Amino acid sequence: MAKKKKNFKETTIENFYDLKVDKMDELVAALKGEAPPDDNDLSMYISDCTGVDDKNAYTRGGRKKEFDPYKVDFLGRIPTWIKAIFVKWWFAGAVCYFVMFGLQNFIGDPLDLIVFTGIILGVVTELLVNPLFRYMERDNREYDPYMMFPFPFKAYWTFFTNVLYYIVIAACVNGMYLGLNILINSINGSNGITGVEPLLFGTFCLIADMAFIGIKDLVVYLVKRNKKEKTADV
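Residues numbered from 1 in each chain as written. Predicted model: local features only at pLDDT ≥ 70, side-chain atom pairs only at ≥ 80, totals over all residues. Heavy atoms only, no water.

A.B. asks: Mind laying out the overall build of the chain, listing which residues take part and the relevant values?
C.D. replies: Scanning the chain for helices and strands turns up eight helices and zero strands. In the chain, the succession of α and β elements from N to C terminus is α-α-α-α-α-α-α-α. Expressed as a percentage of its 234 residues, the buried residues of the chain come to 26%. Look at the contacts in the chain between residues 6 or more apart in sequence, and 55% of them connect residues 24 or more apart. As displayed, the chain has an accessible area near 17,500 Å², and 63% of this comes from carbon and sulfur atoms. (Helix = DSSP H or I, 4+ residues; strand = E, 2+ residues; numbered from the N terminus. Buried < 20%, exposed > 50% of the residue type's maximum accessible area, 1.4 Å probe, protein only. Contact = heavy atoms within 4.5 Å. Areas by Shrake-Rupley, 256 points an atom, 1.4 Å probe, with all protein chains shown as cover.)

Take a look at the structure:
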């Protein structure tokens with residue numbers, strides 16, 4: 001004997017998208033500091049919501065702290081380009097301090113030291129700098145213009161490309177030091193040599209890095225514009 005199919009009651013679109021209008025009114029009233037429409041006690045104070053009345057639930061003036069879902073922190077007010085440049089500059093200076101200063105007595109060949117420094121720069125960029133950019137970014141990926149290979153973490157091949165790329169950057173930084181020394185010697189007429197130190201090294205590394213990234217971004221822009229024009233002509 002065949003089983004009878006169950007007749008499901010058709011659900012109307014109004015019931016399917018049943019918006020909790022009363023809850024939205026309560027939330028709006030709470031954010032405005034007003035009493036909720038149904039006169040229920042709805043508090044936005046941290047101590048009332050957590051149930052813990054400790055010193056962290058009060059401001060320095062003795063007032064109760066409130067939840068503010070739209071509050072922007074201090075780092076959020078700093079422009080993206082300032083944060084990106086500072087992070088890249090600081091990590092490059094740190095590599096100079098810990099690698100070049102720490103290993104210059106063990107690696108006598110300057111070329112080997114340059115290559116090793118570039119390798120460490122690539123590893124630091126892949127494991128620390130780029131993940132930090134991904135952590136600080138919002139939905140619009142605003143830190144992509146400051147990365148040579150702005151790909152997600154699952155693209156493991158970027159590890160090797162970053163290492164090779166920063167070996168080139170380290171060589172360019174070495175060339176900048178040589179050019180600076182030639183310029184100083186030509187001006188002063190002496191044989192003075194500017195030594196390597198973290199601040200100037202980080203600055204030179206940042207200049208070379210952003211120059212190559214700028215060229216890459218320009219090429220990508222021109223390719224995309226060319227494709228867009230070809231698509232529009234079809």
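Past the structure itself, the notes keep going.
A.B. asks: How would you sum up the environment of Arg 134? Please name residues and give values.
C.D. replies: As for its position among the elements, Arg 134 is in helix α6 (residues 110–136). Put simply, Arg 134 and Asp 144 are 10 residues apart on the chain and 9.0 Å apart in space, counted from C-alpha to C-alpha.

A.B. asks: Which residues make up the packing of helix α5 (residues 80–103) against α6, and what are the values?
C.D. replies: Orientation of α5 relative to α6, taken along the N-to-C sense of each, is 145 degrees, at an axis distance of 10 Å. Crossing angle aside, the handedness with which α5 passes α6 is right-handed. Taken together, the residues of α6 that come into contact with α5 (itself represented by Ala 84, Val 87, Lys 88, Phe 91, Ala 92, Val 95, Val 99, Met 100 and Leu 103) are Leu 113, Phe 116, Thr 117, Ile 120, Leu 121, Val 124, Leu 128, Val 129, Leu 132, Phe 133 and Met 136. Of the residues that constitute the contact of α5 with α6, the class distribution is 18 nonpolar, one polar and one charged. (Axes fitted to C-alpha atoms, helices over the stretch in contact; angles between N-to-C directions. Left-handed = near helix turned anticlockwise from the far one by under 90°. Nonpolar A, V, L, I, M, F, W, Y, C, P; charged D, E, K, R; others polar.)

A.B. asks: Let's hear about the environment of Asp 144: which residues, and what values?
C.D. replies: One can find Asp 144 in the loop between α6 and α7 (157–188). If sequence neighbours within four positions are ignored, Asp 144 has contacts with Arg 134, Glu 137, Pro 150 and Lys 216. A polar contact is formed between the side chain of Asp 144 and the side chain of Arg 141, at a distance of 3.0 Å. (Polar contact = N/O pair within 3.5 Å; in protein donor to acceptor, adjacent residues only side chain to side chain.)

A.B. asks: Hey, could you go over α6 for me, with residue numbers and the actual values?
C.D. replies: Here α6 is 27 residues long and its end C-alpha atoms lie 36 Å apart, about the 39 Å a rise of 1.5 Å per residue gives. Remark: the principal bend of α6, roughly 45 degrees, maps to Thr 125. Measuring from the side-chain oxygen of the N-cap residue of α6 to the backbone nitrogen of Leu 111 gives 3.2 Å; that N-cap residue is Asp 109. (Expected span 1.5 Å × (residues − 1). Bend = angle between axes of the 7 residues up to and from the residue.)

A.B. asks: Please set out the environment of Leu 132 residue by residue, giving values where relevant.
C.D. replies: Topologically, Leu 132 is positioned in helix α6. Note on Leu 132: relative accessible area 29%, which makes it partly exposed. Not counting residues up to four positions away in its chain, the partners in contact with Leu 132 are Val 87 and Phe 91.

A.B. asks: Explain the side chain of Asp 144 to me, using residue names and the numbers behind them.
C.D. replies: Taking the relative accessible area as the measure of exposure, Asp 144 reaches 16% and is therefore buried. A distance of 2.8 Å separates a polar atom in the side chain of Asp 144 from a polar atom in the side chain of Arg 134.

A.B. asks: Explain the nonpolar core to me, and be specific about the residues and the numbers.
C.D. replies: Within the largest apolar cluster, 28 residues are counted, with the highest numbers of intra-cluster contacts made by Leu 121, Phe 133, Tyr 165, Ile 169, Val 173 and Phe 201. Broken down by element, this core gets its largest block of residues, eight residues, from α5. Filtering out sequence-adjacent residues up to four positions away, Leu 121 remains in contact with Ala 92, Val 95, Tyr 166, Phe 201 and Cys 205. (Core = buried A, V, L, I, M, F, W, Y, C linked by side-chain atoms within 4.5 Å.)

A.B. asks: Just give me the short version of the pattern of salt bridges, but keep the residues and values in it.
C.D. replies: A side chain with one charge may pair with a side chain of the opposite charge, provided their charged atoms come close. Within the structure shown, the criterion is met by five salt bridges. Where Asp 209 meets Lys 88, a salt bridge forms, and the shortest distance between an N and an O atom there is 2.7 Å. Residue Asp 209 is located in helix α8 (residues 198–233), and its partner Lys 88 is located in helix α5; the two are separated by 121 residues in the primary sequence. Lys 88 carries the same exposure label as Asp 209, and that label is buried. Here Arg 134 makes a salt bridge to Glu 137, at a shortest N to O gap of 3.1 Å. What you see here is one network of salt bridges that share partners, running through Arg 134, Glu 137, Arg 141 and Asp 144. (Salt bridge = Lys/Arg side-chain N within 4 Å of Asp/Glu carboxyl O.)

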